[in-house]
Each structure stands twice: as C-alpha cells, then as structure tokens.
Amino acid sequence: MKKQNKILLSILILFSIAVAMVWGFYTSKINLLQHSDGTVSNVGKIDENDEDVKAEADAMEYATSGLKDTEAIKSEGDIVSHGDVLNILLIGTDERTPEFSDDSRGDSCMLLSLNKKTMEVKLISFQRGIGMPILNDKYKGQWDWLTHTFRYGGADLMMKEIRECFKVDVNRYVRVNFATFEKAINAMGGIDIDITELEAKGLNGLVYTNVTTKAKVYPGINHLDGYDALQYARIRFIDDDWKRIERQRKVINEAIKQTQNLTILELNKLLNEVLPLVQTNFTQKEITSLLPLALKYNRITVEEMTMPAKGTFGSMEGMGGRRMFAVDFEKNSEILEEFIYG
C-alpha cells in the first residue's frame, strides 16, 4: 500500500509539474502582448499634403467617379448583440516600424465574428473609403474616411464608429501594423499566393500601381516572403478596392493555413517574434477563457463579405474635400446583422 501511495504521489507531482510548465509557457506568451484600452492621449489630424493621403484621394476620386452624389443614410436601429457571438475588430495600422503610434491610420479594418455555439467564423471587411460621421468632440458633425477615424481617436473610436453606424456590438480589438505583418510572414517561412496575370504585371512594375516586389513574380502560385506578401496585399490602381480587400483576406487565410502546418518549435518562434508586435484590449482572463474554443476552430471554413454591399452607396464629399462612399447604413446594418447572426 505504501508503495502504491508513493507511485500515486509521484504521478501527481509529475502532473503538477507538467501543468505548471504549460501554464508558465502560456502566461509567458500572453505577457508578450501589448495591452491598451484603445484610447489615444491626443486627437490627431490629417496632413493634406501627405503623399499617402494624396494617393488615396486620387484613388477615391476614381472609385467614386461613376457614382451618384448623395447623402449617407444613418441607421436608426439598436446595436445588435448575442451571447454566443464574439465580435473582434482587426485593425492594421500603417506604421512602417515595430512601434505603435497614436498618429497613424487604420489602413485595414475587418470584423472577425466567432460563434461559440455553432463554431461559425465570419470575416467582414470594411472599405477604408467609407464616409463616417466623426463621433468625437473635436470633429463631431464632420465626415471622413473610415481609415482616418483611427487617427482621430484610436481603436476605441474606430470600434465606436463600427458599432454606431453598422449597429453591431464590438468592444474588443486586435491591432497589428506593417512591421508585424512582414515579420509574421517571415517567421512562418512565407506563404503561397495564387497571383493573376494583371497582379504579376503590377508587382513587376510593368503596369502602374503603388508597389513592387523584390523578387520577380509570375501568374500562378508564388511563394512570397513577408515583404513581398505585404506588397501584394497593398496593390491598388490595377482594379478596385473590393479586389484589394480580397487580396488582404487571401493573405490572411493563407497565413492561417501556414500556421497549422508549423511544428511546436516553429510555432514558439513565431509567437516570440510576433506577439510583442500585437496590441489588444483583451484581458488575460478573457484570452484564457477562449482557449478551450481555439482547438475547436481548427480548420473551420471562414465565410467572408465586404461592407458596404454593392448597390447601397453613392458618392459624397467630406473633410478636406475628399471624395468618399456615401453609405446607406440602414440597409448595410440589416445585411450585416443577417450575415453575422442569421
């Protein structure tokens, strides 16, 4: 009996050590994240002479040239929420350095919707050129691109804009920037992207666009490193912003597939390099509560859509004389509610 007790005690000790090691590993990774409530200390402003702003203004002039001038229609409904659904705003800001800055713009904005009961995953992209009513005090009553709302009030304001205009409940965000994106793709060994003939011409500098890759690319499957994958995701002018958003989502999906093939050591390396470059307002307790769901979401198909829906917007002029999409938020909030909650 004493021998059995010793064996049982030894097993319990080994089990306790294993649990402690796993918990220590987990907390060491969580602590790498940058935690922020998403607010900024000062309300920023847009430099009308900034080359990126000028380029985007030209692109929006082109994108809205065939649209009817109209006014945005505000949604009057209630903000919709559901206990089984977690909505997370994914924000890609435009810093070229690892450090986050309050004086940046939301280069990309997506809503990741996770249904914890049905295990459905929805990914909704928002056009950066959507005209949004600025909801903070300094610019209240004026309209500007969605991408600029980040500079006016950080992730906190961007979530508020999506919440109030599209009537979908979202109060958690995850933020990365160009540097995070590039480093993450490199850490996972690159990704395979199916490139069209027109995209290849643009990336090789044969037709006008805003980016070129370091390595020559070809129509078909190309293995891209972090820098070239970023250039692919940022292509514009060769087509419309809907195609640009599709490219961004393609890169995200391919990156997710690639992480599923990593070994433990490779995944550990990826986490060590990338997590310090990620900002969020999730608490450690909230992240821990989501862990049991993580394994269930493995290899789940992601349903995708883009806001605003085609045929639900026109053109308008906002701050700085910028052309932007004049959205019927009433219709789009109904479409979004149906897509997320069914």
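Residues numbered from 1 in each chain as written. Predicted model: local features only at pLDDT ≥ 70, side-chain atom pairs only at ≥ 80, totals over all residues. Heavy atoms only, no water.

Undergrad: Report on the overall build of the protein, specifying residues and quantitative values.
TA: A count of helices and strands for the protein gives ten helices and 13 strands. Relative to its length of 342 residues, the protein is compact, with a C-alpha radius of gyration of 22 Å against a globular reference of 20 Å. With the principal axes as the frame, the protein shows a C-alpha extent of 85 × 50 × 40 Å. By residue count, 47% of the 342 residues in the protein fall in the buried class. (Helix = DSSP H or I, 4+ residues; strand = E, 2+ residues; numbered from the N terminus. Rg over C-alpha atoms; globule rule 2.2 N^0.38 Å. Buried < 20%, exposed > 50% of the residue type's maximum accessible area, 1.4 Å probe, protein only.)

Undergrad: Explain the pattern of salt bridges to me, and be specific about the residues and the numbers.
TA: Enumeration over the complete set of coordinates arrives at 22 salt bridges. A salt bridge links Arg105 to Asp94; the shortest N-O distance between them is 3.2 Å. In this pair, Arg105 is assigned in the loop between strand E2 (85-93) and strand E3 (106-115) and Asp94 in the loop between E2 and E3, connecting sequence segments eleven residues apart. Accessibility assignment for this pair places Arg105 and Asp94 in one class, buried. Linked by salt bridges that have partners in common, Glu56, Asp94, Arg105, Asp107, Arg128 and Arg244 make up one network. (Salt bridge = Lys/Arg side-chain N within 4 Å of Asp/Glu carboxyl O.)

Undergrad: Please give an account of the sheet that holds strand E1 (residues 34-35) that cites residues and values.
TA: Here we have seven strands laid out as an open sheet, ordered E1-E10-E7-E2-E3-E4-E11, and mixed in their pairing. Sheet topology places E1 and strand E11 (302-307) at the edges, where each strand pairs with a single neighbour. Bridge count between E2 and E3: nine bridges; the pairing is antiparallel. What sits directly across from Val85, in E3, is Asn115. Strands E2, E3, strand E4 (121-126) and E11 of the sheet are contacted by helix H10 (residues 329-341), whose axis makes an angle of about 175° with E11. (Pairing = 2+ DSSP bridges. Contact = heavy atoms within 4.5 Å. Axes fitted to C-alpha atoms, helices over the stretch in contact; angles between N-to-C directions.)

Undergrad: Give a description of the packing of aromatic side chains that names residues and reports values.
TA: On inspection of all chains with the given rule, the structure shows seven aromatic pairs. Through a chain of ring-to-ring contacts, three or more aromatic side chains come together here, namely Phe126, Phe166 and Phe329. Above the face of the Trp242 ring, Lys310 is positioned so that its terminal group lies 5.7 Å from the ring centre. Between Arg322 and the ring centre of Trp145, over which it is positioned, the NZ or CZ distance is 5.5 Å. (Phe/Tyr/Trp six-rings, centres within 6.5 Å; stacked < 30°, edge-to-face > 60°. Lys NZ or Arg CZ within 6 Å of the ring centre and 35° of its normal.)

Undergrad: Now, about the side chain of Asp107: what can you tell me, with residues and values included?
TA: Structurally, Asp107 can be placed in strand E3. Judged by its relative accessible area of 9%, Asp107 falls in the buried class. In this structure the side chain of Asp107 is engaged in a polar contact, spanning 2.6 Å, whose partner is the side chain of Arg128. When neighbours within four sequence positions are excluded, Asp107 is seen to be in contact with Gly92, Thr93, Asp94, Arg128, Thr147, Phe178 and Arg244. (Polar contact = N/O pair within 3.5 Å; in protein donor to acceptor, adjacent residues only side chain to side chain.)

Undergrad: Please give an account of the pairing of E3 that cites residues and values.
TA: Regular strands show a simple pattern: their side chains alternate between the two faces of the sheet. Counting buried positions over the ten residues of E3 gives nine, a clear majority of the element. Pairing of E3 with E4, which is carried by five bridges, proceeds in the antiparallel orientation. Bridge pairing in E4 places Leu112 opposite Leu123. Here E3 hands over to E4 after five residues, with Met119 in that stretch at a positive phi of 65°.

Undergrad: Would you mind going over unusual backbone geometry in detail, with residue names and values included?
TA: Across the junction of Met307 and Pro308, the peptide omega takes the value 5°, indicating a cis bond. For Met119, which is not glycine, the phi dihedral falls at a positive 65°. With respect to the element layout, Met119 can be found in the loop between E3 and E4. Of note, the phi angle at Phe237 is positive, near 80°, even though the residue is not glycine. Its relative accessible area of 29% is what places Phe237 among the partly exposed residues.

Undergrad: Give me the lowdown on the state of the cysteines, citing residues and values where you can.
TA: Evaluation of the coordinates by the stated rule reveals zero disulfides. Cys165 provides the cysteine sulfur closest to Cys109, a residue in no disulfide bond, and the two sulfurs are 11 Å apart. Taking relative accessible area as the criterion, Cys165 reaches 7% and is therefore assigned buried. (Disulfide = S-S within 2.5 Å.)

Undergrad: An account of the environment of Asn87 is requested, with residue identities and associated values reported.
TA: Inspection of the secondary structure puts Asn87 in strand E2. A C-alpha to C-alpha distance of 37 Å links Asn87 and Tyr218, two positions 131 residues apart in sequence. If we ignore the near neighbours within four places in the chain, the residues touching Asn87 are Leu111, Leu112, Ser113, Val168, Asp169, Val170, Arg172, Ile340 and Tyr341. A distance of 3.2 Å separates the side chain of Asn87 from the side chain of Tyr341, its partner in a polar contact.

Undergrad: Before we move on, could you go through the side chain of Arg105 and cite the residues and values that matter?
TA: Note on Arg105: relative accessible area 3%, which makes it buried. Of the polar contacts made by the side chain of Arg105, one reaches the side chain of Glu56; its length is 2.7 Å. Aside from chain neighbours lying at most four places away, what touches Arg105 is Ile46, Asp52, Val53, Glu56, Gly92, Thr93, Asp94, Thr147, His148, Phe150 and Arg151.

Undergrad: Hey, could you go over the environment of Ala184 for me, with residue numbers and the actual values?
TA: Tracing the chain through its elements places Ala184 in helix H4 (residues 178-187). A sequence separation of 93 residues divides Ala184 from Leu277, and the C-alpha atoms of the two residues are 9.4 Å apart.

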